[in-house]
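What follows is the residue order along each chain.
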Amino acid sequence: MSQAPNHADRSERFLLDEERTTWHDETLWFIRQKRDRAVYATPEFQELRELASQIKDHTLSRLAEYLEQFEARALANGVHVHWAADAEEHNRIVLDIVRQARATRVVKSKSMLTEECHLNPHLLAHGVEVIDSDLGERIIQLRDEAPSHVVLPAIHLKKEDVGETFWQHLGTEKGLTDPQQLTEAARQHLRAKFLAAEVAISGVNFAVAETGSVVVCTNEGNADLAIGLARVHIACMGMEKLVPRLSDLAVFTRLLTRSATGQPITTYTSHFTRPLPGRELHVVIVDNGRSQQLGRPDFRASLKCIRCGACMNTCPVYRRSGGHSYDFTIPGPIGAILSPNIDMRKHASLPFASTLCGSCTDVCPVKIDIHTQLYKWRQVLGAAGEIPASKKWSMKLLSRVLARPGLFAAGGSFARFGLRFVPHALSHAPGYNPWAIARELPAPPQQSFRAWYAQQRPNQA
């Protein structure tokens, strides 16, 4: 049986288009720079990060209590609260609500949780038309692709790709690449879908235990329009989205878009506390592996994530390999922590898709120790036997060499001597040394650092 492609295999396909890879890298770094400018313009940003981190740590330490408080407040507000242990149960609950509403048309705003649960295919398989109303999400839905970024789901596509997609599916002029005209075409297409929808589905950016409210943050206003027009609103919420008090929310809204896109705040920050007369508001609270992650002390802090995407925008591996190379709903560094918790064997390669440079940790608005957790996942995977045998045995050999100074010195001496005579075609053979495909090996030094240091010591005062 052939082995499933890992991150390196999928990255290799993305890297075949060198121009697109470079463009992807530069675009995400531009967004990282916007984030930096927004941070430097906010003198108290580091204090906000620390406060947000402490709020999340506190909430996770008493999560069951706050979930019960949220449910009680929401029920008192006339909200229907549902609990889902996993993706299958979440999808079944949503479908039941849609059927009870006798609806066949659903409009959905951006929700990474519904992507995680594969809700769209489930609804479509049961005869329910579901339309993603976020522009980026709608583009990739038309292309039958998964999002490649948590904030910018179509960041892997150029305007020419969008023009081709709209020509095929929306009947726009062939070759149209003007962003304004493409956006207008999408707006006209989606307006009819908004008006026809009977049920609106949204994600939840934050939920407030004190008030029983859910908060949805968008820049396009599509969630507000869909919810305002539809009779039934279903809000799908990961159970870690809670904050204890309404006053806590301001800390996170100041951090979220500054970290994501460099904006001071999202264009729309909408609170949904109770349904309007004659309408329904349902909140589906989903576990789907979160309890398991909560029970892992080394990885619990990953549940603090507010899905800003800052770690992706700064990560040199993500920028050069693309979101689809992770084969997980949440790509990038934070996804490489969350994914093995869901399926350790399938996603065993992802914690190794990192340089451990720590840039992801530096930009995280809630101070998740991302690169430390990636390192710890590597240890867990190694102990579980979920790494390739070649890597396992090469690391064992290397550890033996590094533990013996004499052997290490002899190996270094042999390498410095031998590399002077090894043919370039052999030292750079792709099958033997893939590291050198896009890099040049440095010239071997004449002596080791240890030898140089020994020579220098007599000359020191």
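Our subject is the structure listed above.
What comes next concerns the included structure. Owing to the predicted nature of the structure, the values given are computational and were not obtained by experimental measurement.

### Some words on the packing of helix 3 (residues 45-61) against helix 12 (residues 246-260)
Across the interface, helix 3 lies against helix 12 with an axial gap of 10 Å and an inter-helix angle of 120 degrees. One way to sum up the angle between helix 3 and helix 12 is to call them oblique. You can see that helix 3 and helix 12 cross each other, and the crossing is left-handed. The segment helix 3 lies against helix 12, with Phe45, Leu48, Arg49, Leu51, Ala52, Ile55 and Lys56 engaging Asp248, Val251, Phe252, Arg254, Leu255, Arg258 and Ser259.

### Structural notes on the sheet that holds strand 8 (residues 242-243)
Spatial ordering of the open sheet is given by 8-5-6-9, a layout of 4 strands whose pairing is mixed. At either margin of the open sheet sits one strand with a lone partner, and together these are strand 8 and strand 9 (268-272). Relative to strand 6 (residues 213-218), strand 5 (residues 206-208) runs antiparallel, the two being bridged by 3 bridges. Within the sheet, the bridge partner assigned to valine 208 lies in strand 6 and is serine 213. Sheet strands in contact with helix 11 (residues 222-229) are strand 6 and strand 9, and its direction is about 130 degrees off that of strand 6. Taken strand by strand, helix 12 contacts strand 5, strand 6, strand 8 and strand 9, and its axis lies near 165 degrees from that of strand 5.

### Here we look at the packing of aromatic side chains
Under the criterion given, the structure shown has 6 aromatic pairs. Measuring from ring centre to ring centre gives 5.7 Å for phenylalanine 206 and phenylalanine 252, while their planes differ by 40 degrees; the resulting arrangement is tilted. Of this pair, phenylalanine 206 sits in strand 5 while phenylalanine 252 sits in helix 12, and the two are 46 residues apart along the sequence. Centroid distance phenylalanine 299 to tryptophan 377: 4.3 Å. Interplanar angle 15 degrees. Geometry classified as stacked. With phenylalanine 299 in the loop between helix 13 (290-294) and helix 14 (310-314) and tryptophan 377 in helix 18 (residues 370-383), this residue pair connects regions lying 78 residues apart in the sequence. Since its relative accessible area comes to 3%, phenylalanine 299 is described here as buried. Through a chain of ring-to-ring contacts, the aromatic side chains of Phe449, Trp452 and Tyr453 assemble into a single cluster. Positioned above the aromatic ring of tryptophan 167 is the side chain of lysine 174, whose terminal nitrogen or guanidinium carbon lies 3.8 Å from the ring centre.

### Considering the nonpolar core
Counting residues in each nonpolar core, the largest one holds 52 residues, and the members touching the most others are Phe206, Phe252, Ile330, Ile334 and Ile370. Tallying contributions element by element places helix 12 first for this core, with 6 residues. Split by domain, this core shows at least three residues from each of two domains, domain 1 (7-14 + 18-26 + 292-383) and domain 2 (42-288). Setting aside residues no more than four positions away along its own chain, phenylalanine 206 makes contact with Ser213, Val214, Val215, Cys217, Lys241, Leu249, Phe252, Leu256 and Ile306.

### Topic: the sheet that holds strand 3 (residues 129-132)
Across the sheet, 6 strands lie side by side as 1-10-7-4-2-3; this open sheet has parallel pairing. Looking at the sheet topology across the chains shown, the edges are occupied by strand 1 (80-84) and strand 3. Taking each pair of neighbouring strands and ignoring which way they run, the sheet shows an average axis angle of 20 degrees. Sheet analysis places strand 4 (residues 199-202) next to strand 7 (residues 232-238), joined by 4 bridges and oriented parallel. When the bridges of strand 7 are listed, isoleucine 201 appears paired with isoleucine 234. Seen against the sheet, helix 5 (residues 87-100) touches strand 1, strand 2 (105-108), strand 4, strand 7 and strand 10 (280-286) and runs at an angle of roughly 150 degrees to strand 1.

What counts and what doesn't
- Residues numbered from 1 in each chain as written.
- Predicted model: local features only at pLDDT ≥ 70, side-chain atom pairs only at ≥ 80, totals over all residues.
- Heavy atoms only, no water.
- Axes fitted to C-alpha atoms, helices over the stretch in contact; angles between N-to-C directions.
- Helix = DSSP H or I, 4+ residues; strand = E, 2+ residues; numbered from the N terminus.
- Parallel < 35°, antiparallel > 145°, perpendicular 65-115°, else oblique.
- Left-handed = near helix turned anticlockwise from the far one by under 90°.
- Contact = heavy atoms within 4.5 Å.
- Pairing = 2+ DSSP bridges.
- Phe/Tyr/Trp six-rings, centres within 6.5 Å; stacked < 30°, edge-to-face > 60°.
- Buried < 20%, exposed > 50% of the residue type's maximum accessible area, 1.4 Å probe, protein only.
- Lys NZ or Arg CZ within 6 Å of the ring centre and 35° of its normal.
- Core = buried A, V, L, I, M, F, W, Y, C linked by side-chain atoms within 4.5 Å.
- Domains from an automatic or database assignment.

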